[in-house]
Amino acid sequence: MAALKITKMALNSVLALMSERWDVFVPSPSPAPGGPSGFRLFEPRPMPAPGKPGPSERDSSVNRQTCDEDTLWNGTGQGGQKGRDRENHLPEERLPQFLRRVLTVKPLKELFFPRSEPILGYCVDGAFGGNGDGTGVSVFMPEGVLPGKPRVVFGARPCDAASLTVLDRVFADEAYPDDFYISRRKNTIIVGLGCNVPAPTCFCPATGGDPFGTAGLDVLAYDLPALDGDGSSQGHYLMKAVTREGEALLGFLSEAHLGEGPSESDERACMALEERARKAIAAGLPADTQSLGRVLGGIFNHPYWATLHEKCLGCAACTYLCPTCHCFDISEEPDPGASRSGGESPKGGPERPRLTGVRVRNWDSCMFPIFTLHTSGHNPRPTGLERVRQRVMHKFYYFPENFGAVACVGCGRCVKYCPVNLDIREVISHIAALGGTGVAESISA
Amino acid sequence: MSAQSPSALTKTLREFCAGLLDEGRVDVVVGFGRGTLPLRSTPVFARNPDDASRLIFDATCENNLSVFVPKLKDKRIAVVAKGCDSRWLNQYILERQTEGERLYVIGVRCQGVIDRKKLDAYLGSRRLLEGRLEEIRGQGECGEGLEGEGAGGTGGVEGAGGVKGAEGVEGARPGPGVSVSDGHIKWHLEGNDAEGRPWAASLDFEDLLSDSCKVCVKKGPVYADVVIGENGETVKGNGETAKGPEREPSFDDVKEVEGASIEERWKAFRSEVSKCIRCYACRQACPGCYCKECFVDRSAPRWIGGSDDETDTMVFHLMRAMHLAGRCVDCGACVRACPMGVDLGLLNRKLQKDGWVLFHHIAGFEREGKPLFGTFLPDDPNDFIL
Amino acid sequence: MRNPYLPDIARIEKIIQETAANDVKTFRVTFVDDEVRERFSYRPGQFSEISVFGVGEAPISITSSPTQKGYLEFSVKKMGVLTTALHHSAEGDLIGIRGPYGNWFPVESMEGKNLVFIGGGIGLAPLRSLINYVLDDENRGRFNDVTIIYGARSPGDLVFKWELEKWEKRRDIDFYLTVDKGDAGWSGREGFVPTVLMEVSPSPENAVTITCGPPIMIKFVIQNLLKLGFTPAQIVTTLEMRMKCGVGKCGRCNIGSKYVCKDGPVFTYEELQRMPQEY
Ligand SMILES: Cc1cc2nc3c(=O)[nH]c(=O)nc-3n(C[C@H](O)[C@H](O)[C@H](O)COP(=O)(O)OP(=O)(O)OC[C@H]3O[C@@H](n4cnc5c(N)ncnc54)[C@H](O)[C@@H]3O)c2cc1C
Ligand code: SF4
Ligand code: SF4
Ligand code: SF4
Ligand code: SF4
Ligand code: SF4
Ligand code: FES
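Residues numbered from 1 in each chain as written. Chains lettered and ligands numbered in written order. Predicted model: local features only at pLDDT ≥ 70, side-chain atom pairs only at ≥ 80, totals over all residues. Heavy atoms only, no water.

1. Comments concerning the overall build of chain A
Test applied: Strands are runs of DSSP state E lasting at least 2 residues, helices are runs of H or I lasting at least 4, and numbering of each runs from the N terminus. Note on exposure labels: buried denotes an accessible area under 20% of the residue type's maximum, exposed denotes more than 50%, and partly exposed covers the range between, all computed with a 1.4 Å probe on protein chains only. We call two residues in contact when some of their heavy atoms are within 4.5 Å.
Helices and strands together make up the secondary structure of chain A, namely 15 helices and 11 strands. Classification of the 445 residues of chain A by burial places 62% in the buried group. A separation threshold of at least 6 residues defines the contact pool for chain A, and within that pool the share at least 24 residues apart is 77%.

2. Looking at the confidence of the model for chain B
Regions with low pLDDT should not have their predicted coordinates read in detail. Residue and element names in this part refer to chain B. The line we're drawing: As a per-residue quantity, pLDDT reports the predictor's confidence and falls between 0 and 100.
Averaged over every residue, the pLDDT of chain B is 81; the share at 70 or more is 83%. Ranking the elements of chain B by mean pLDDT puts strand β10 (residues 234-236) last with 79 and strand β2 (residues 41-46) first with 97. The low-confidence segment residues 1-6 (pLDDT under 50) makes 17 contacts with residues lying over four places distant or belonging to another chain. For the stretch residues 138-182, pLDDT sits under 50, and the model shows 120 contacts to residues farther than four places along the chain or on other chains.

3. Considering the pattern of salt bridges
Put simply, the test is: Any Lys or Arg side-chain nitrogen found within 4 Å of a carboxyl oxygen on Asp or Glu counts as a salt bridge.
All told, the structure shown has 62 salt bridges over all chains when counted by the stated rule. The partner of Glu 195 of chain B in a salt bridge is Arg 100 of chain A, with the nearest N and O atoms 2.5 Å apart. Remark: Arg 100 of chain A occurs in the loop between α4 (95-98) and β4 (116-125) and Glu 195 of chain B occurs in the loop between β7 (184-192) and β8 (198-204); the pair is interchain, linking two chains. For the pair formed by Glu 195 of chain B and Arg 100 of chain A, the shared burial category is buried. Asp 210 of chain A is the partner of Arg 278 of chain A in a salt bridge, and the nearest nitrogen-oxygen pair spans 2.7 Å. Within this pair, whereas Arg 278 of chain A is found in helix α8 (residues 264-282), its partner Asp 210 of chain A is found in the loop between β7 (188-193) and β8 (219-224), the two being separated by 68 residues in sequence. Owing to a relative accessible area of 35%, Arg 278 of chain A belongs among the partly exposed residues under this scheme. Three or more residues joined by partner-sharing salt bridges are found here, namely Arg 100 of chain A together with Asp 193, Glu 195 and Arg 197 of chain B.

4. A closer look at the domain arrangement of chain A
Residue and element names in this part refer to chain A. Put simply, the test is: Residue ranges assigned to the domains are those given by an automatic or database domain assignment. Accessible surface is computed with a 1.4 Å probe, and the buried area is the amount of it that two parts give up when combined, taken over both parts together. Polar contact criterion, stated in full: a pair of N or O atoms within 3.5 Å, where within protein one must be able to donate a hydrogen and the other to accept it, and residues adjacent in sequence count only if both atoms are side-chain atoms.
Taken as a whole, chain A is organised into domain 1 (1-117 + 144-285) and domain 2 (292-327 + 364-444). If you look at the interface, domain 1 gives 24 residues, while domain 2 gives 27 residues. Carbon and sulfur atoms supply 64% of the area that domain 1 and domain 2 bury against each other, a total of about 2100 Å² over both sides. Looking at the side of domain 1 facing domain 2, the largest losses of area belong to Arg 169, Thr 201 and Phe 203, adding up to 27% of the total buried there. Taken together, domain 1 and domain 2 are joined by 1 salt bridge. Across the salt bridge formed by Arg 413 and Asp 160, the nearest N and O atoms sit 2.9 Å from each other. On inspection of domain 1 and its partner domain 2, the count reaches 12 residue pairs in polar contact (both at pLDDT 80 or more).

5. Considering the site of ligand 6
Our working definition: A molecule or strand has a residue near it when one of that residue's heavy atoms lies within 4 Å. Note on residue classes: Ala, Val, Leu, Ile, Met, Phe, Trp, Tyr, Cys and Pro are nonpolar, Asp, Glu, Lys and Arg are charged, and everything else, Gly too, is polar.
Taken together, 13 residues surround ligand 6, and among them Cys 276, Cys 279, Tyr 280, Cys 282 and Cys 338 of chain B come closest. Split into classes, the residues belonging to the shell around ligand 6 amount to 11 nonpolar, 1 polar and 1 charged.

6. Concerning the domain arrangement of chain B
In many reports, interface size means the accessible area that the parts give up when they come together. Residue and element names in this part refer to chain B. Split into domains, chain B comes out as domain 1 (8-236) and domain 2 (252-374). Listed as interface residues are 28 residues of domain 1 and, on the opposing side, 29 residues of domain 2. Roughly 2600 Å² is buried in total at the junction of domain 1 and domain 2, and carbon and sulfur atoms are behind 55% of that figure. The interface formed by domain 1 and domain 2 contains 1 salt bridge. The salt bridge partner of Glu 95 is Arg 327, with a shortest N-O separation of 2.7 Å.

7. Some points on helix α7 (residues 215-227) of chain C
Residue and element names in this part refer to chain C. Convention followed: Expected span, for any helix, means 1.5 Å times one less than how many residues it has. Throughout, the arc means the angular range of directions from the helix axis out to the C-beta atoms.
Counted at 1.5 Å a residue, the expected span for α7 with its 13 residues is 18 Å, and the 19 Å between its end C-alpha atoms agrees. Residues of α7 that are buried: Met 217, Ile 218, Val 221, Ile 222, Asn 224 and Leu 225. Buried residues along α7 cover an arc of 165 degrees about the axis, so they all sit on one side. Residues of α7 that are exposed and point over 90 degrees away from its buried face: Pro 215, Ile 216 and Lys 227. Of the surrounding secondary structure, the elements contacted by the buried residues of α7 are β7 (114-120), α6 (193-200), β11 (207-212), β12 (235-238) and α8 (269-274). Just beyond α7, the residue with positive phi is Gly 229, at close to 100 degrees.

8. Overview of the interface of chain C and chain A
Residue-level contacts link 50 residues of chain C with 60 residues of chain A. Regarding the contact of chain C and chain A, the summed buried area is about 4600 Å², with carbon and sulfur atoms giving 57% of it. In this assembly, chain C and chain A are joined by 7 salt bridges. Close ionic contact of Arg 2 of chain C with Asp 179 of chain A constitutes a salt bridge, the shortest N to O distance being 2.9 Å. Taken together, chain C and chain A are joined by 27 residue pairs in polar contact (both at pLDDT 80 or more). Among the elements of the structure, β1 (8-17), β3 (47-52), β4 (56-61) and β6 (94-101) of chain C are those that each provide at least two residues to the side of chain C that touches chain A.

9. Points about the confidence of the model for chain A
All names here are of chain A. Looking at chain A as a whole, the pLDDT averages 82, with 79% of positions reaching at least 70. Mean pLDDT across the elements of chain A bottoms out in helix α3 (residues 80-87) (37) and peaks in helix α5 (residues 158-171) (97). Taken as a whole, residues 31-35 scores under 50 in pLDDT and shows 12 contacts with residues more than four places along the chain or in a different chain. Per-residue pLDDT stays below 50 along residues 339-352; that stretch engages in 25 contacts with residues further than four places along the chain or on separate chains.

Okay, structure coming up:
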């Protein structure tokens, strides 16, 4: 099945049906599995009795969207703060509304490369070194790390999906394939949602992406607004298969008679949406990032970095929330009470303590000083200057050199969430301008 | 009401700082400039009189700039300081992190600053393309746009711009400026919705105001060398401006929580903490978190694990709050920096309340003496300290 | 399931105290599993990630030579958490080892050449793997003259003394041992390694030099090698960066676009010159 059109009202039924076969993840602000403001497991609900409209259908006035947002916010009477809390309990029926928000706070990478995950467990007798006879230590895969059931993500934005093709280059390399990541990639079907109206922070085209880009996606859905007389109060999703897996998914849905094939006018509507989005986003793009490496190669010692980093606080908001940042730390998490730090290895004695624990991999950030700190106290990147430079160089120079792609998909999360408004779009444009002025050549010479 | 406005403040600020730099009285002015998104500012480090033209001050100036003071190598540092910023500068001197002589405090009278997460919550799926403050008085008058200053940016490279959302509205808007001392201020917002249709809205100033600003005890600076008023007037501070809180601190929010059962409080704390991704933006944004090695980063002995384990995250937040007890000035910079919407304020405010109720102490009003936790009375009824 | 972070279990067979201050110990280990012992093949210059369970991991050079079958050796300086825990372990204890990681000394291109080894302190550890490889009866014929200059701050800081004696006795090596400052029992040479290098003054003709030691020593050694006429491509050294994964994923050990764990730790000075000075 190459394409399938469903009404938005049917989304719940569609997701519920999928849930029988897959674990379905949707963008959500709720503090549920997958974490707040990221992606979470969809929980199928009993469907409303036939004929009874769901709550999101009650209002069919023209500016429904805006009204809806207003009720969400104002309905609590206490302004934004309370509004936020309330939003955390968004019912599933509101999903189509929620999907219109451009991006989750936490990126899609979390479903493949989580904030923290155990990479091995261990069990050691004799507290530390085994029984002294070559027995007593075992390492094993911790249970429940890898997803059992195959998964479907519904509503990822194209930039988030494209970020997976960036992460693939790191985690699915030939030399050291990382099956924690790879197995999740393999068992996840991603249904993307094209961006009718990009956010003011979006700049995917400057990184080779597109508001309707299909990189990393199995299915791309179009959010078709309601038209007079089309029988829907909220509009439709038109889902187009990108990969064979995507086709199979749509086939599964159409067998359940949950949608219909698209009409010619639907195709035209899709084209119109694409064009409008491209036009809108083109207005404020920074310089193209794909040739930035050439400039960056020559400006390692440019004074620009000294002014750039000054306002940076050195937190990890930009890197943790970045869908392409892959740096991690490995930390030892012995089970409580069993930890031993230093001390002599107990030999003999009647009681042999048993040490169990896990080794965990956690997101880490090149913006932290400790990231590169040697045990001797020497730090190759001692100040914010080197660290901000590393972040920019890595994304637009080192990564392209090593993997042939920029490590930025233009999602704009770092722009939006940086506490000091250190805007990577400005950085990109400044660097491109440095190249234009011939600085690069003169420096590297 | 006079026809003066935040722009008047900004204008005076620029002139004044250009003068300071020109005369070589300071080496750097740490202030705010226009950011790249509507209703966003960004820290600016002005080192020559020309840089001073990028300075602004208004309700988008959300960072606590004193955080940069310990990092700067410049000899004489001027800081554009709101009430809470100035209180951290004092606290730095009290804690001997910097010398008073090194600082030149340019106090600005503050009306409170925006909490962008409240804005986000309001916006939902609407995109914000423009935002400004307006004064609504009587019929349809509107104030000068905050975005009227034109695009900001880190500067340095001409013609590099082209960043969407940074343009704002060129030129000043008609009508009198915004004065916050009287009249009714509104946030004016414009953009398009998820279907591309334009929308506009006007929200009350309070609606997007940071929670900490709602309970602020001192909107003016403490110990400023000069104060620039909201109408652009300068008052020589003589280093002694307006000490002491302007009003009794109120802790209604804390009392509400204290009234809850232990189970309820625990649940609420857990749910807050569960959002945390340990990005440490809160720590990095806080002027008080200047420890050379934060306890969370210590490996020998190790205090907490590195994963997103709930207990570890709780320990981080509890320890951080304890380290800031008697020092936190309730500027809210940590809350605003947090991308995940963790409400860090309550823990801090509980400790502030204890400081106030038990010792009549509020941080940041003294440059000399001892920090609250460095104080001990011989007749203290508790002997555990000894 | 391919889990690149899963170590194999190895048993500490022997612990040798190296320095007077007892801050360096050499650990001889064997894999518990015979199959792993067979499978684990490495080249001089590579390193492993060593686990002490409950404590953590650290990257440590394999100091034994692949010609020494059946066991691995690591020499570890007590620095922080993991290395201290390792120092506290006893013979018979079990540790984890994964690897080997990184690139290796360009052994093939060294064939038929004169080799000049210049080491300082515990920096001899990675060199030792190559030295013993070259000195092995099966391999010695493939290489020309071998010169070794090794020094440490004091006699007590010299490592592998039990082996240095053997090297000193060999006729097919020019061996120069030095200490910055001797003590009462020291009758040997005194002087900094870079100075001794100038005294020895090896010819760059058909030579490769391999150096490893404290950064300050390497800096002056390279300066002096250039003075002696060595080209940057003839100078081989190893680098250290903080590491976690060892397999080019955790993103912390890069110098420019080179990952020290994957593209290194062995670099020629020519390569270093093209990399940013960020190490
Ligand atoms: C390629 C290579 C080869 C080397 N070969 C040798 C050798 O042969 N012999 C030798 O003695 N040394 C060698 N070293 C140096 C050795 O790796 C370090 O001395 C060692 O890593 C120190 O580890 P530690 O645990 O003792 O030190 P620590 O400073 O206590 O810890 C460093 C490690 O501990 C953990 N850690 C500590 N603090 C934190 C924190 N705050 N957050 C997260 N993690 C933390 C991390 O795992 C970190 O990598 C080599 C290094 C490299 C890169
Ligand atoms: S750029 Fe912004 S988000 Fe990133 S580390 Fe610096 S302050 Fe934090
Ligand atoms: S660098 Fe910023 S814009 Fe680019 S992918 Fe990462 S978070 Fe998105
Ligand atoms: S960056 Fe592009 S793909 Fe991502 S949300 Fe914005 S418009 Fe969509
Ligand atoms: S803890 Fe938060 S509110 Fe208190 S001083 Fe620090 S940043 Fe300001
Ligand atoms: S800023 Fe927020 S998410 Fe980040 S560590 Fe602080 S509380 Fe946690
Ligand atoms: S140690 Fe992880 S990338 Fe090199």
